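Overview (structure and organization)
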There are 2 protein chains.
Amino acid sequence: MRLSTRGYYGLKAMFDLAQNYGSHPITLKSVAERQRISESYLEQLMAMLRKTGLVKSFRGAQGGYILAREPARITAGDVVRALEGPIAPVYCVNEEEPRECDEVDYCITRTVWLRVRDGITGILDSINLADLCLEAEKVRQTGRGEHIKLNKY
Amino acid sequence: MRLSTRGYYGLKAMFDLAQNYGSHPITLKSVAERQRISESYLEQLMAMLRKTGLVKSFRGAQGGYILAREPARITAGDVVRALEGPIAPVYCVNEEEPRECDEVDYCITRTVWLRVRDGITGILDSINLADLCLEAEKVRQTGRGEHIKLNKY
DNA sequence: TTTTATCTTGAGTAAAATACTCGGTTTTAA
DNA sequence: TTAAAACCGAGTATTTTACTCAAGATAAAA
Ligand code: FES
Ligand code: FES
């Protein structure tokens, strides 16, 4: 029940861009450094994010990446779907092309995965990048107190 | 964001045992047939379920498996954890041994995964095998109407 | 115009995880 | 005694993950 590092790194990168939203393009290199992601790996992720229209890129010197729209209009769900494909704990409840077992009689368990999927998507779709920036701002002001508390896990 | 087939098959198998709860031990072979799981693969899964104390086994002729306790006291979360390990969409929010990134400053994204994890565990822990049996019973009585509706996905 | 910073593309790959299979051993009810 | 089961350990093909690398395209700046 694990996300790959694509979603993990990807959300970090998008959050980084969100925090720099409104200024000049941000270079992949600087994102990679701040977020401690391999530069060449992040290249691939950014390519996916660009292809799905979540970021815009500018080539050449002074180039870089910016969010394709306001942080408030990009959700964590958008990012995860761009990098990991449709959300589905198991094949038969895939968001896009669900496949069914042969024997419907024995598919009661499917309702479990359906509920799990809807739980996940509900949460991911309810969080946008502006929320995260706001939270970061709060953490910065309270001297990270709040964040430390979260780290009890 | 996908479960492996272990959790998928495992829940099916446990549901099968739950439906036969109270009678004689059920052979692995018959579970495998009904649920269309490879017999030798299911062997491994049952071994894991036995080691975590969710099922009891009886060897020899007329042997088989039974649930180790009432269906109402076994949750989907128990089954998934037994087969896939602690639930964690990303490493740093692992239920058991969370690892943190080096830079707490950039860990706002962690709160997302934390919420996702709690969403998943909340759902999985709230569903027990007796619930599923009840649902199956309902489906059987209403001629599967309800189940078909769910399959719109 | 040349240089340099940057994105872009495609190919390649090592390691891990997945989803199994198989053959043999042990146990136990009939 | 026999046959039906669980048990065990090893092996393996395939897929996925998590990268790396090198060459090319583009555009701003010198
Ligand atoms: S449709 Fe997937 S469990 Fe049956
Ligand atoms: S602790 Fe995992 S994203 Fe920072």
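Structural data are supplied above this passage.
Rules behind the numbers
Residues numbered from 1 in each chain as written. Chains lettered and ligands numbered in written order. Predicted model: local features only at pLDDT ≥ 70, side-chain atom pairs only at ≥ 80, totals over all residues. Heavy atoms only, no water. Salt bridge = Lys/Arg side-chain N within 4 Å of Asp/Glu carboxyl O. Buried < 20%, exposed > 50% of the residue type's maximum accessible area, 1.4 Å probe, protein only. Helix = DSSP H or I, 4+ residues; strand = E, 2+ residues; numbered from the N terminus. Expected span 1.5 Å × (residues − 1). 1 Å grid on protein atoms, 1.4 Å probe; cavity = no way out; pocket = protein on both sides within 12 Å on 5 of 7 lines; lining within 4 Å. Points joined across faces, edges and corners; volume = space filled by probe spheres on them. Nonpolar A, V, L, I, M, F, W, Y, C, P; charged D, E, K, R; others polar. Pairing = 2+ DSSP bridges. Core = buried A, V, L, I, M, F, W, Y, C linked by side-chain atoms within 4.5 Å. Contact = heavy atoms within 4.5 Å.

Examining the pattern of salt bridges
As enumerated under the stated definition, the model contains eight salt bridges over all chains in all. The salt bridge partner of Asp78 of chain A is Arg69 of chain A, with a shortest N-O separation of 3.3 Å. Relative accessible area serves as the criterion here: at 25%, Asp78 of chain A is assigned to the partly exposed category. The exposure class of Arg69 of chain A is partly exposed, given its relative accessible area of 24%. Between Asp16 of chain B and Arg34 of chain B there is a salt bridge, with the nearest N and O atoms lying 2.7 Å from each other.

Let's talk about helix 5 (residues 108-126) of chain B
In this model helix 5 of chain B runs 28 Å from its N-terminal to its C-terminal C-alpha over 19 residues, within 8% of the 27 Å that 1.5 Å per residue would give. Burial analysis of helix 5 of chain B places 14 of its 19 residues in the buried class, the great majority of the element.

A closer look at empty space enclosed by the protein
Across all of its chains, the model carries one cavity of 30 Å³ or more by this definition. Space inside the largest cavity adds up to approximately 40 Å³. What lines the largest cavity is Leu3, Ser4, Thr5 and Tyr8 of chain A together with Pro89, Val90 and Tyr91 of chain B. For the lining of the largest cavity, the per-class residue count stands at five nonpolar, two polar and no charged.

A few points about the pairing of strand 2 (residues 64-67) of chain B
Residues and elements named next belong to chain B. In terms of strand pairing, strand 1 (residues 55-58) meets strand 2 through four bridges, oriented antiparallel. The residue of strand 2 that forms the bridge with Ser57 is Tyr65. Two successive antiparallel strands, strand 1 and strand 2, enclose a turn made up of five residues, where Gly60 displays a positive phi of approximately 80 degrees.

Structural notes on the nonpolar core
Counting residues in each nonpolar core, the largest one holds 93 residues, and the members touching the most others are Met14 and Trp113 of chain A together with Met14 and Trp113 of chain B. Not counting residues up to four positions away in its chain, the partners in contact with Met14 of chain B are Leu49, Leu54, Val55, Leu67, Ile74, Val79 and Leu129 of chain B.

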